[in-house]
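So you can see what is in the structure, the chains are spelled out below.
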Amino acid sequence: MRLTINGTPRTYDGDPAQPLLWYLRDELQLTGTKFGCGISACGACTVHVNGAAVQACVTPMKALAGKKVTTIEGLSAAGDHPVQKAWAAANVPQCGYCQTGQMMAAAALLKETPRPTDAEIDKAMSAVLCRCGTYQRIRAAVKDAAASGMGGR
Amino acid sequence: MTTTMERRAFIGTLAKAGLVLAATSAGVRRLEAFELPHEHGPLAGEWEPSVFLRIADDGTVTVTCHRSEMGQGVRTALVMVMADELEADYATIQLDQGIGDNKYGDQNTDGSTSIRSGSYMKFRNAGAAARMMLEQAAAAEWGVDASAVAARSGTVVHAASGRSLPFARLVARARTLPVPQPVVLKQPSQFRLIGKDVPGYDLRNVLTGKAVFGQDASMPGMKYAVVLHPPVYGSKVAKYDAAAALKVKGVEKVIEIPGAPMPSAFLPLGGLAVVATSTWAAIEGRRKLVVTWGASPNDSYDSVAYRAELEASARAEGKKVRDLGDAGGALAGAARKVEAEYYAPHLAHAPMEPPAAVAKVTGDACETWTCTQNPQASRDTIAAFLKIPKEKVTVHVTLLGGGFGRKSKPDYACEAAFLSRETGAPVKVVWTREDDIQNGFPHTVSLQRLEAGLDASGKIVAWRHRIASPPISSVFAPNQEYHTDSELSLGVLDMPYEVPNVRVEVCKAPAHSRIGWYRSVSNVPQAFAISCFMDELAHAAGKDPVEFLLAALGPERVLDMTKTGTVNPVGNYGAKWEEHPNDIARHRRVLQTVAKESGWGKKLPRGEGMGVAVHRSFLTYVASVVHVKVGPKGEVTIPRVDIAMDCGYAVHPDRVRSQCEGAVIMSLSNALTSELTYKNGRTVQSNYNNYQVLRMSQAPKHTAVHLVHSGGPLGGVGEPGVPPVAPALANAIFAATGKRIRSLPVGRQLAGGPVAVPAGSR
Ligand code: FES
Ligand code: FES
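Residues numbered from 1 in each chain as written. Chains lettered and ligands numbered in written order. Predicted model: local features only at pLDDT ≥ 70, side-chain atom pairs only at ≥ 80, totals over all residues. Heavy atoms only, no water.

Peer 1: Would you explain the overall build of chain B in this entry?
Peer 2: Helices and strands together make up the secondary structure of chain B, namely 19 helices and 27 strands. The globule rule puts the C-alpha radius of gyration for 762 residues at 27 Å, and the 27 Å found for chain B is close to it. In terms of overall dimensions, chain B has C-alpha extents of about 80 × 75 × 45 Å along its principal axes. Counting every position in chain B, which comprises 762 residues, the buried fraction comes to 65%. In chain B, once contacts between residues fewer than 6 apart in sequence are set aside, the share between residues at least 24 apart is 78%. Carbon and sulfur atoms provide 53% of the accessible area of chain B, an area that totals close to 25800 Å². Charge centroids of chain B, computed over 84 positive and 73 negative side chains, lie 4 Å from each other. (Helix = DSSP H or I, 4+ residues; strand = E, 2+ residues; numbered from the N terminus. Rg over C-alpha atoms; globule rule 2.2 N^0.38 Å. Buried < 20%, exposed > 50% of the residue type's maximum accessible area, 1.4 Å probe, protein only. Contact = heavy atoms within 4.5 Å. Areas by Shrake-Rupley, 256 points an atom, 1.4 Å probe, with all protein chains shown as cover. Lys, Arg positive; Asp, Glu negative; His and termini not counted. Charge placed at Lys NZ, Arg CZ, Asp CG, Glu CD.)

Shown next, in the form of structure tokens:
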């Protein structure tokens, strides 16, 4: 089967049940997508499939034929996506492990909802856990990215 | 300044990206991306004025961080400190992560020690000495007095003549000079980085997904393994059938890992490892294993029954550890007596990154890359487990996706080393979340019984505290059934309140799981019990809780910790009481700060309340006010948390604030949702679906951090924010509903709605 990862066409002929997470991490060494739970409970593995936020740990490869997958490595060429800039400005990360998932979730949210309300931010971002407790800065950074006109992207 | 910082970070990213492209093998490239630039010590020709500092002929400054980065910002803080004293250009400084090696002194990243206990002064001294030598070299070059020149951001300048030379031109001469005596440190007013806010050193790599954590490390030709651990502590594989597992495509071997006998310290629990060509194949193979586990003395461990056992234990007289005055007599004669029992369950660290390690064993040598808080213990434990010389074990430290104490214990690195030796290939061991929750080193469970007597004026005249809680020492030695003095010094024995008659007893509590330290350790249950009880006493005395706490703290003074009536000396986080006294003025100031900033005492609508707590831990003073709102169905929302911290001086204030923000979330998880329970010796919880930690929707709407710069001696930062928040929340719930939370987590205790606020309380 064929799919596109960060703009690069790929052919996959492995176990169709293998979750996208392990294909990204073990085969493509795209380790920016993190493993946190494997059961869709933490959001550390959040990527975009055809532009929507998806948890890679529960997305089997067989569901991805013809799909376009974007990971943190493909979110922007120079690390300057409005979400990344807002995250840097707020110095959001502590350990950083959850942050790629957080940013992918935020980028998807803002694409869909350029001016999210507090409730919409809480709802979308509650899918991604942060054990270090950076939620306050994430909220601020999402609003900052929204204010920067992220919605246009 | 920010622009320069960003540029530095960006240059760093490019350099790392360059290395990524230069390498051929996928495995190598992940490691080189992290390893750079020369982890194994000085390059030929480098000047190494200290084990923490190297300066190359071209002027490149490399700082070695010997402590582990797990979100607390040590890699940023230590670079700031060195760069400031050295007057290096922070924008171009290189950072090298130290391998496990005794030459660095203690590398164990726990106890909130990385800045406070030594590194701060060691790094300042190293930087200042090298700066003075570079200045002397420049002065000699120009034939002027050393006092006429000054280093400034990577160059030395002679102001009178306007001449300047970059470090690169001075290294050759500077290194031949004698080390200056005495080393003259900067005055705080001269600091250009210390005490200022800079972006985290690893920020760019984190934001672009390039940061390498333990789960991300890899080596060429590496196999992947997951381990089926015994479900009950002390159980071993009795028999197993691996046929189905071996049929899974990609599974190559099933290997039994010998488990250490109890108490197993940091050694592996044992179990069955599935070695495969991918993580997924290993996980699938593990699901197909058929195992019969041997019996363990912990097979019947049951949290419900154990709680009853702890209650019975704490209701009888225990072993005396503190006896001041006559608590029994004073209790009997008190005008008013209050008693309460507090329960705090086991907790799982649950760092977002589950433990992981890659190891390669060749002959009697082992090289490992792992997310460890303690590379020296990793080295020692791997050597012991494999029976190879410690000198032959190299432990590289990756970034840690959270640690919280779990990653001080290197059992997972031992597993990787063992499997590499058995397979003859490099092996990466991935702990899944289930392994992490079920087979970790859970935080102790605790039952505390408190009794106090008040006199007619509402002053505390008697205090009896009994604690039943399995000790951490039980994982290292047999027959450890009582909380130890070092654990009791995390709240119970160093309790600051002025009470003339105090008795503290420890009660029996045998462990039935491994027990490990967890962010702020026994301060979690002890601050919860003491600070909730103080609130109960305030209400019993008919006093405002802040006023009551201030009165109980008494006047500003330093407590004499040798006159507390304890059987053994009270611990002080490894510091001397003379240098880090129990300072009532600092307790009072954080409490007064948080009361003022939170608007303590303001009128709140029905169903809302504020609670307060103050607690000293890791030599730092913290007070918190939580504002809570309890809905008709018992739903808890938190409009605001205020937290005031006095850690003496903040090297990196933004990171101190973020550590406080994070501590609030972790403490609220401890208080509201998290609980690790056992049934038939096994944990009931297994993953984030049932071991719950706070999500954004449950987090406070606003957290306000107030840094109190007392200029006191440096205290810890990573942990001390945790203890006071949970009791402040419980006290707020009482203020909102009239219901006491004496058992954690709050969970569903409030379903049923608020009860009437009893007379006598606010
Ligand atoms: S790893 Fe996918 S949701 Fe947790
Ligand atoms: S920053 Fe550490 S888990 Fe989110």
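Peer 1: Please clarify how the domain arrangement of chain A should be interpreted in this entry.
Peer 2: As a measure of interface size, the accessible area lost when the parts come together is often cited. Residues and elements named next belong to chain A. The domain architecture assigned to chain A consists of domain 1 (2–74) and domain 2 (82–147). For domain 1 and domain 2, the distance between their C-alpha centres works out to 20 Å. Contact with domain 1, which involves 16 residues of that partner, is made by 13 residues of domain 2. Broken down residue by residue, the surface that domain 1 buries against domain 2 is led by Thr46, His48 and Ile72, which jointly contribute 40%. (Domains from an automatic or database assignment. Buried area = accessible area lost by both parts, 1.4 Å probe.)

Peer 1: Would you take a moment to explain the packing of aromatic side chains for this structure?
Peer 2: Aromatic rings in a pair are described by how distant their centres are and how their planes are angled relative to each other. On inspection of all chains with the given rule, the structure shows 15 aromatic pairs over all chains. Considering the side-chain rings of tyrosine 97 of chain A and phenylalanine 213 of chain B, the 5.2 Å spacing of their centres and the 85 degrees angle between planes classify their relative orientation as edge-to-face. One end of the pair, tyrosine 97 of chain A, is in the loop between helix H3 (82–89) and helix H4 (99–112); the other, phenylalanine 213 of chain B, is in the loop between helix H6 (203–207) and strand S8 (223–228), on a second chain. With a centroid separation of 5.5 Å and 75 degrees between ring planes, the pair formed by tryptophan 463 of chain B and phenylalanine 533 of chain B is classed as edge-to-face. With tryptophan 463 of chain B in strand S20 (residues 460–468) and phenylalanine 533 of chain B in helix H15 (residues 523–540), this pair connects stretches of sequence that are 70 residues apart. On the basis of relative accessible area, tryptophan 463 of chain B is assigned to the buried category, the value being 1%. Judged by relative accessible area, which is 0%, phenylalanine 533 of chain B ranks as buried. Ring-pair connections join several aromatic residues into one group, and the members of that group are Tyr342, Trp463, Phe528 and Phe533 of chain B. Over the ring of tyrosine 482 of chain B we find lysine 319 of chain B; its NZ or CZ atom is 4.1 Å from the centre of that ring. (Phe/Tyr/Trp six-rings, centres within 6.5 Å; stacked < 30°, edge-to-face > 60°. Lys NZ or Arg CZ within 6 Å of the ring centre and 35° of its normal.)

Peer 1: What is the right way to look at the sheet that holds strand S2 (residues 8–11) of chain A in this model?
Peer 2: Hydrogen bonds between backbone groups are what pair the strands of a sheet, and the pairing can be parallel or antiparallel. Residue and element names in this part refer to chain A. Spatially, the 5 strands line up as an open sheet ordered S2-S1-S5-S3-S4, and their pairing is mixed. Edge positions in the open sheet fall to S2 and strand S4 (52–55), since each of these has one partner strand only. Shown here is a sheet whose adjacent strand axes are inclined to one another by a mean of 35 degrees, direction ignored. As paired strands, strand S1 (residues 2–5) and strand S5 (residues 68–70) are joined by 2 bridges and run parallel to one another. Considered in S5, the bridge of threonine 4 is made with lysine 68. Sheet strands touched by H4: strand S3 (46–49), S4 and S5. Its angle to S3, the strand with the most contacts, is close to 35 degrees. (Pairing = 2+ DSSP bridges. Axes fitted to C-alpha atoms, helices over the stretch in contact; angles between N-to-C directions.)

Peer 1: Any chance you could explain the interface of chain A and chain B here in plain terms?
Peer 2: On the side of chain B, 66 residues touch chain A, which itself brings 51 residues to the contact. For the pair chain A and chain B, the summed buried area comes to about 4700 Å², and 54% of that belongs to carbon and sulfur atoms. Inspection of the region where chain A meets chain B yields 5 salt bridges. Linking chain A to chain B there are 29 residue pairs in polar contact (both at pLDDT 80 or more). Broken down by secondary-structure element, the contributors of at least two residues to the side of chain A that touches chain B are helix H1 (20–27), helix H2 (72–75), H3, H4, helix H5 (118–125) and helix H6 (135–147) of chain A. The element contributing the most residues to the side of chain A that touches chain B is H6 of chain A, with 5 residues. When the residues that make up the side of chain A that touches chain B are grouped by side-chain class, the tally is 27 nonpolar, 15 polar and 9 charged. (Salt bridge = Lys/Arg side-chain N within 4 Å of Asp/Glu carboxyl O. Polar contact = N/O pair within 3.5 Å; in protein donor to acceptor, adjacent residues only side chain to side chain. Nonpolar A, V, L, I, M, F, W, Y, C, P; charged D, E, K, R; others polar.)

Peer 1: How should I be thinking about the sheet that holds strand S24 (residues 636–646) of chain B in this particular structure?
Peer 2: Residue and element names in this part refer to chain B. Pairing is mixed across the open sheet formed by 4 strands, whose spatial order is S22-S23-S24-S27. Across the chains shown, the open sheet's two edge strands, defined by having one partner strand only, are strand S22 (608–617) and strand S27 (702–707). Strand-to-strand twist across the sheet, computed as the mean angle between neighbouring axes with direction ignored, equals 15 degrees. Strand direction decides the pairing type here: strand S23 (residues 620–630) and S24, joined by 9 bridges, are antiparallel. Residue pairing for S24: valine 625 is matched across the bridge by aspartate 642. The strands touched by helix H19 (residues 725–737) are S22, S23 and S24; relative to S22, the strand with the most contacts, the crossing angle is about 155 degrees.

Peer 1: Would you explain helix H16 (residues 545–553) of chain B in this entry?
Peer 2: All names here are of chain B. Counting buried residues along H16, 7 of its 9 residues qualify, which places the element largely inside the surrounding structure. Within the span of H16, buried status applies to Pro545, Val546, Phe548, Leu549, Leu550, Ala552 and Leu553. Those residues of H16 hidden inside the fold are in contact with S20, H15, helix H17 (584–598) and S22. The backbone nitrogen of valine 546 has a side-chain oxygen 3.0 Å away, supplied by the residue at the start of H16, namely aspartate 544. Following H16 by one or two positions, glycine 554 has its phi on the positive side, about 80 degrees.

Peer 1: Help me understand the packing of H3 of chain A against H6 of chain A, please; the structure alone is not making it clear to me.
Peer 2: Each pair of packed helices gets described by two things: the angle between the helix axes and the distance between those axes. Residues and elements named next belong to chain A. Closest axis-to-axis distance for the H3/H6 pair is 8 Å, and the angle between their directions is 135 degrees. By the criterion of interaxial angle, the relationship of H3 to H6 is oblique. Where H3 crosses over H6, the handedness of that crossing is right-handed. For the pair H3 and H6, contact is made by Pro82, Val83, Ala86, Trp87 and Ala89 and by Ile138, Ala141, Val142, Asp144 and Ala145, respectively. Across the contact of H3 with H6, the residue classes break down as 9 nonpolar, no polar and 1 charged. (Parallel < 35°, antiparallel > 145°, perpendicular 65-115°, else oblique. Left-handed = near helix turned anticlockwise from the far one by under 90°.)

Peer 1: Explanation requested: the side chain of serine 76 of chain A in the structure shown.
Peer 2: Residues and elements named next belong to chain A. Locating serine 76 in the fold gives a position in the loop between H2 and H3. By relative accessible area, which is 10% here, serine 76 ends up buried. Here histidine 81 takes part through its backbone nitrogen, which lies 3.4 Å from a polar atom of the side chain of serine 76. At 2.6 Å, the side chain of serine 76 forms a polar contact with the side chain of glutamine 84. Residues within four places of serine 76 in sequence aside, it is in contact with His81 and Gln84.

Peer 1: Please explain the pattern of salt bridges as it appears in this structure.
Peer 2: Residues and elements named next belong to chain B. Using the criterion set out here, one finds 48 salt bridges over all chains in the structure. In this structure, aspartate 560 engages lysine 563 in a salt bridge whose closest nitrogen and oxygen atoms are separated by 3.0 Å. Judged by relative accessible area, which is 38%, aspartate 560 ranks as partly exposed. Taking the relative accessible area as the measure of exposure, lysine 563 reaches 61% and is therefore exposed. Between aspartate 646 and arginine 586 there is a salt bridge whose closest N-O contact spans 2.7 Å. Of this pair, aspartate 646 sits in strand S24 while arginine 586 sits in helix H17, and the two are 60 residues apart along the sequence. By the burial criterion, aspartate 646 is buried, and arginine 586 matches it. Through salt bridges that share partners, Arg307, Glu311, Arg315, Lys337, Glu339, Glu341, Arg449, Glu451 and Arg464 make up one connected network.

Peer 1: Explain H15 of chain B here, please?
Peer 2: Along an α-helix, a turn takes 3.6 residues, which lines up residues three or four apart on a common side. All names here are of chain B. Taking 1.5 Å of rise per residue, 18 residues should cover 26 Å, and H15 covers 25 Å from first to last C-alpha, within 8% of that figure. Burial within H15 is extensive, with 18 of its 18 residues counted as buried. Positive backbone phi, approximately 70 degrees, marks glycine 542, located one or two places after H15. (Expected span 1.5 Å × (residues − 1).)

Peer 1: Looking at this structure, how should I read the domain arrangement of chain B?
Peer 2: Residue and element names in this part refer to chain B. We note that the domain assignment places domain 1 (7–208), domain 2 (214–297 + 355–430) and domain 3 (303–347 + 442–749) within chain B. The partner domain 2 presents 25 residues to the 27 residues of domain 1 that form the contact. Across the domain 1 to domain 2 interface the summed buried area is about 1900 Å²; carbon plus sulfur atoms make up 54%. Across the domain 1-domain 2 interface, the total number found is 0 salt bridges. On the surface where domain 1 and domain 2 come into contact, there are 8 residue pairs in polar contact (both at pLDDT 80 or more). Counted by class, the side of domain 1 that touches domain 2 contains 6 nonpolar, 12 polar and 9 charged residues.

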